[in-house]
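Observations on the model geometry
Here are the chains, one letter per residue:
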Amino acid sequence: MLSPEYNLRRAQEEREKAARARTAKTREAHLKLAEIFEQRAVEGIDPRDIH
């Protein structure tokens, strides 16, 4: 299983993408992904298990 750090790193990357997004819709999408990765880190979900 991958470590929670992977999901936290992905969440941070999505937040950075949101900060650079040109449109509100794109920004919202990146923030939603960041929330998903943070939740996976808390729950200990391995991204490879998501299909």
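Preceding this paragraph is the structure being described.
Because the structure is predicted, anything quoted here is derived from the model rather than measured.

1. A few points about the environment of Leu33
With respect to the helices, strands and loops of the structure, Leu33 is situated in helix 2 (residues 24–43). Spatially, the C-alpha atoms of Leu33 and Ala18 are 9.8 Å apart, while their sequence positions differ by 15 residues.

2. Concerning helix 2
Helix length check: helix 2 (20 residues) gives 29 Å between terminal C-alpha atoms against 28 Å at 1.5 Å per residue, within 8%. Turning to helix 2, its buried residues number three or more, namely His30, Ala34, Phe37, Arg40 and Ala41. End-on, the buried residues of helix 2 take up no more than an arc of 125 degrees, which puts them together on one face. Turned more than 90 degrees off the buried face of helix 2, the exposed positions are Lys25, Glu28 and Val42. Buried positions along helix 2 lie against helix 1 (4–20). Backbone geometry just downstream of helix 2 places Gly44 in the positive-phi region, at approximately 75 degrees.

3. Re the pattern of salt bridges
Once their charged atoms are close, side chains differing in charge can pair, the charge on each being opposite to the other. With the rule as written, the count across this model stands at five salt bridges. Arg10 is the partner of Glu14 in a salt bridge, and the nearest nitrogen-oxygen pair spans 3.5 Å. Highlighted residues: Glu14 and Arg10, both in helix 1, separated by four residues, approximately one helical turn. According to the relative accessible area criterion, Glu14 is buried, its value standing at 3%. In this structure, the salt-bridge partner of Arg15 is Glu38, at a minimum N-O distance of 3.2 Å.

4. Re the packing of helix 1 against helix 2
Axis separation between helix 1 and helix 2 bottoms out at 8 Å; the angle between their running directions is 165 degrees. As far as their axial angle goes, helix 2 and helix 1 are roughly antiparallel. Crossing handedness for the pair helix 1 and helix 2: left-handed. Residue-level contacts link Pro4, Asn7, Leu8, Arg10, Ala11, Glu14, Arg15, Lys17 and Ala18 of helix 1 to Arg27, His30, Leu31, Leu33, Ala34, Phe37, Glu38, Arg40 and Ala41 of helix 2. Here the contact of helix 1 with helix 2 is built from residues that sort into nine nonpolar, two polar and seven charged.

Procedures and definitions
Residues numbered from 1 in each chain as written. Predicted model: local features only at pLDDT ≥ 70, side-chain atom pairs only at ≥ 80, totals over all residues. Heavy atoms only, no water. Helix = DSSP H or I, 4+ residues; strand = E, 2+ residues; numbered from the N terminus. Expected span 1.5 Å × (residues − 1). Buried < 20%, exposed > 50% of the residue type's maximum accessible area, 1.4 Å probe, protein only. Arc of directions from axis to C-beta. Contact = heavy atoms within 4.5 Å. Salt bridge = Lys/Arg side-chain N within 4 Å of Asp/Glu carboxyl O. Axes fitted to C-alpha atoms, helices over the stretch in contact; angles between N-to-C directions. Parallel < 35°, antiparallel > 145°, perpendicular 65-115°, else oblique. Left-handed = near helix turned anticlockwise from the far one by under 90°. Nonpolar A, V, L, I, M, F, W, Y, C, P; charged D, E, K, R; others polar.

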